[in-house]
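Geometric and topological summary
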Number of protein chains: 2
Amino acid sequence: MSEWQSEAEYLEQYDARRYDWPLVSVDVVIFTLYESRLQVLLIKRGEFPHRGRWALPGGFIAMDEDGDLQATARRKLREKTGVEAPLLEQVGSQGNDCRDPRGWSVTVLYMALIAWAPTAEFLEGVDDARWWPVEKVADLEMAFDHASLIEEARERLKNKTAYTVLPVHVLRRPFTLTQLQHAFELLMDTQLEKKSFRRRILNAEVLEETGEALLEGGRGRPAALYAPARGSERHLFARVFGESA
Amino acid sequence: MSEWQSEAEYLEQYDARRYDWPLVSVDVVIFTLYESRLQVLLIKRGEFPHRGRWALPGGFIAMDEDGDLQATARRKLREKTGVEAPLLEQVGSQGNDCRDPRGWSVTVLYMALIAWAPTAEFLEGVDDARWWPVEKVADLEMAFDHASLIEEARERLKNKTAYTVLPVHVLRRPFTLTQLQHAFELLMDTQLEKKSFRRRILNAEVLEETGEALLEGGRGRPAALYAPARGSERHLFARVFGESA
DNA sequence: TAAATAGTGTCTTTTAGACATTATCAT
DNA sequence: ATGATAATGTCTAAAAGACACTATTTA
């Protein structure tokens, strides 16, 4: 069956372009917290297909620049937000013959969590991007299957929040436990019991107290400040949280 | 920037083949239980690249046959095992510029769980495939990065077994609770407490007793027989299992 | 002082771990 | 009866839910 004698000979004559391939892209759902809402960054498409619709930051792999898929996702995130080292993880891939009008296409979906910063700082030179509250996405004219990709990432985010400390990544540090609880509640879309929350987080030793209490613009007792401890990203709780609500 | 007036016009002239694309493949780690060991199905490659090495069942998307990625995975599984409706779920994607000597390549990885059946029944017409115990894979000459893909799937399998009833899928039904416990122990690679195991599974109401007890070749008290209840695939335990061992 | 926010005490509930005990079969 | 395997009883431990309570700040 093989017409070639050796691997080297085979590779010599191999030409991918002779074949039809599915399109391959990488898309990133970038989540942040702003004005007490979970928001995602969307781009208004300037090119066909789906020109004028809202889309996820993403696109094709730059085969000369990107060493791997994660690098592509990291590049897309950097181009649109300037953020260099966010929490970034793969959600999964979608591929079928109808999601892109150009033909069979596969997208590898990532999600990123970043602390919010004023639009100007993030979007210098980027005038086609803006934050949208996740619950508003359903009302937008979305490109491709990006609305359902966002849902998929949002579901993953909700699930993982129930047994990790993922929400630390949408806060600027240091933060208070109350702020962290709010972040958990928004990402999980449920109310949490204050005492249970603090007990769980504190016992897990995933935070370290930073400086002393103090700092705080408002009234009321000043809160202690915390930052994630080393290795906290990898902490897995044995039990999920917030089942009752 | 756009030279075209409409989406239709753009699509008219679009030709994917003008661009360089990464290779895209789908690979499937097929797990089963046989002779009290967790095994994976591997194929001896007959073609370049990596001719003669062991590889996962998988390959390119048939853009004319496969409606989506899952369909490709299902087709690969069917071709090698004859199994039509297994547990099949996506693990994730790997993509970089070095995993395939032909160039930048992306693979979408699936895992499948099936009940074992004698080789003849499965492999009629397939003489290049055989089951290997997972722990032996490290000693084989593996193609591409398939050894690490197997590890990734195996890790996922272990993790999910701790909060689902995934192992029901590697057993022929009906099965006894003791058999199910053995399946859990092999997939999790840990010992489980009998009473805890039974209490957990039975309280979750994910099984239904099938017929009566009886049936059993051996000595000792005959065991009750069970089959998965409807919807059991979706059952998620709030707490992981088998942390102590 | 009151209002506001941070933080604790403590009782209940759920579920896993440990391991001893009982049940039912073949021989 | 003995051995083997299935199934249960029951105590302990860990961690979440509920909610009342105390602590520390500003105005």
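Residues numbered from 1 in each chain as written. Chains lettered and ligands numbered in written order. Predicted model: local features only at pLDDT ≥ 70, side-chain atom pairs only at ≥ 80, totals over all residues. Heavy atoms only, no water.

**Observations concerning the packing of helix H4 (residues 146–161) of chain B against helix H5 (residues 177–188) of chain B**
All names here are of chain B. Two elements in contact, H4 and H5, have axes separated by 8 Å at closest approach and are oriented at 135°. Considering the angle they form, H4 stands oblique to H5. In this structure, H4 crosses over H5, and the sense of that crossing is left-handed. On H5, the residues touching Arg154, Leu157, Lys158 and Thr161 of H4 are Phe184, Leu186, Leu187 and Met188. Its residues assigned to classes, the contact of H4 with H5 comprises 5 nonpolar, 1 polar and 2 charged. (Axes fitted to C-alpha atoms, helices over the stretch in contact; angles between N-to-C directions. Helix = DSSP H or I, 4+ residues; strand = E, 2+ residues; numbered from the N terminus. Parallel < 35°, antiparallel > 145°, perpendicular 65-115°, else oblique. Left-handed = near helix turned anticlockwise from the far one by under 90°. Contact = heavy atoms within 4.5 Å. Nonpolar A, V, L, I, M, F, W, Y, C, P; charged D, E, K, R; others polar.)

**Some details on the interface of chain B and chain A**
Taken together, the contact pairs 47 residues of chain B with 47 residues of chain A. Across the chain B to chain A interface the summed buried area is about 4,200 Å²; carbon plus sulfur atoms make up 61%. Our count for the chain B to chain A interface comes out at 0 salt bridges. Where chain B packs against chain A, one counts 11 residue pairs in polar contact (both at pLDDT 80 or more). Counting residues per element, the ones that place at least two in the side of chain B that touches chain A are helix H1 (7–13), strand E1 (23–34), strand E5 (87–96) and strand E6 (105–113) of chain B. When residues of the side of chain B that touches chain A are assigned to their parent elements, the largest contribution, 6 residues, is made by E5(B). Of the residues belonging to the side of chain B that touches chain A, the class tally is 23 nonpolar, 12 polar and 12 charged. (Buried area = accessible area lost by both parts, 1.4 Å probe. Salt bridge = Lys/Arg side-chain N within 4 Å of Asp/Glu carboxyl O. Polar contact = N/O pair within 3.5 Å; in protein donor to acceptor, adjacent residues only side chain to side chain.)

**A look at the relation of the copies chain B and chain A**
After a rotation of 180° and a shift along the axis of 0.0 Å, chain B superposes on chain A with an RMSD of 0.0 Å. Such a turn and shift between the copies fits a two-fold axis. Taking C-alpha positions as reference, the residue of chain B nearest the rotation axis is B:Arg239, located at 2.1 Å. In this assembly the copies share their binding face: 100% of the residues contributing to the interface of chain B also contribute to that of chain A. (Least-squares fit on C-alpha atoms with pLDDT ≥ 70 in both.)

**A closer look at the side chain of B:Thr81**
Residues and elements named next belong to chain B. Along the chain, the position of Thr81 falls in helix H2 (residues 69–81). Polar side-chain contacts of Thr81 include one of 2.7 Å to the backbone oxygen of Leu77. Within the local environment of Thr81, its side chain forms a polar contact with the backbone nitrogen of Val83, the two atoms lying 3.0 Å apart.

**Overview of the pairing of E5(B)**
All names here are of chain B. Among the 10 residues of E5, 8 are classified as buried, and the element is accordingly described as predominantly covered. Where E5 meets E6, 9 bridges bridge the pair, whose relative direction is antiparallel. Directly across from Asn96, in E6, lies its bridge partner Ser105. (Buried < 20%, exposed > 50% of the residue type's maximum accessible area, 1.4 Å probe, protein only. Pairing = 2+ DSSP bridges.)

**Some points on the protein's contact with DNA strand D**
As a structural note, the neighbourhood of DNA strand D is formed by 25 residues, with A:Arg200, B:Lys194, B:Lys195, B:Arg198 and B:Ala224 the closest of them. Protein-proximal atoms of DNA strand D, defined as those within 4 Å of the protein, fall in sugar or phosphate at a share of 52%. Between A:Arg200 and DNA strand D, the recorded distance is 2.9 Å, taken from a side-chain N or O atom to a phosphate oxygen. Contact between DNA strand D and B:Arg219: a phosphate oxygen at 3.4 Å from a side-chain N or O atom of the residue. Sorting the residues of the surface near DNA strand D by element identifies helix H6 (194–204) of chain A together with helix H6 (194–204) of chain B as the ones contributing at least two each. Looking at the surface near DNA strand D, its residues break down into 5 nonpolar, 6 polar and 14 charged. (Near = heavy atom within 4 Å.)

**Section: the domain arrangement of chain A**
All names here are of chain A. Domain boundaries assigned for chain A yield domain 1 (21–146) and domain 2 (162–234). One C-alpha centre belongs to domain 1, the other to domain 2; they are set 28 Å apart. On the domain 2 side, the residues contacting the 13 residues of domain 1 number 8 residues. When the two sides are added together, the surface that domain 1 and domain 2 hide from each other amounts to roughly 880 Å², 74% of it contributed by carbon and sulfur. In terms of surface lost to domain 2, no three residues of domain 1 exceed Leu33, Leu113 and Ala115, which account for 53% of the buried area on that side. Our enumeration of links across domain 1 and domain 2 arrives at 0 salt bridges. Here domain 1 is connected to domain 2 by 3 residue pairs in polar contact (both at pLDDT 80 or more). Counting only elements with at least two residues in the side of domain 1 that touches domain 2, the list comes to strand E1 (23–34), strand E2 (37–44) and strand E6 (105–113). Among the elements that take part in the side of domain 1 that touches domain 2, E1 stands out by supplying 3 residues, more than any other. (Domains from an automatic or database assignment.)

**With respect to H6(A)**
All names here are of chain A. Where H6 is concerned, the buried positions are Phe197, Arg200, Ile201 and Ala204. In a view along the axis of H6, the buried residues occupy a sector of 90°, so they form one face of it. Turned more than 90 degrees away from the buried face of H6, the exposed residues are Lys194, Lys195 and Asn203. For H6, the elements touching its buried residues are helix H5 (177–188) and strand E8 (207–209). (Arc of directions from axis to C-beta.)

**Quick word on the sheet that holds strand E10 (residues 225–228) of chain B**
Residue and element names in this part refer to chain B. Within the open sheet, the 3 strands sit side by side as E8-E10-E9. Their pairing is antiparallel. Pairing within the sheet leaves two strands with one partner each, and these edge strands are strand E8 (175–176) and strand E9 (207–209). Bridging between E8 and E10 involves 2 bridges; their strand directions are antiparallel. Note on E10: the bridge partner recorded for Phe175 is Tyr226.

**Overview of the protein's contact with DNA strand C**
The environment of DNA strand C is made up of 24 residues, and the closest members are A:Lys194, A:Arg198, A:Ala224, B:Arg199 and B:Arg200. Backbone polar atom of B:Gly242 to a phosphate oxygen of DNA strand C: 3.4 Å apart, as the coordinates give it. Of all the secondary structure elements, the ones that give two or more residues to the surface near DNA strand C are H6 of chain A together with H6 of chain B. For the surface near DNA strand C, the class distribution of residues is 5 nonpolar, 6 polar and 13 charged.

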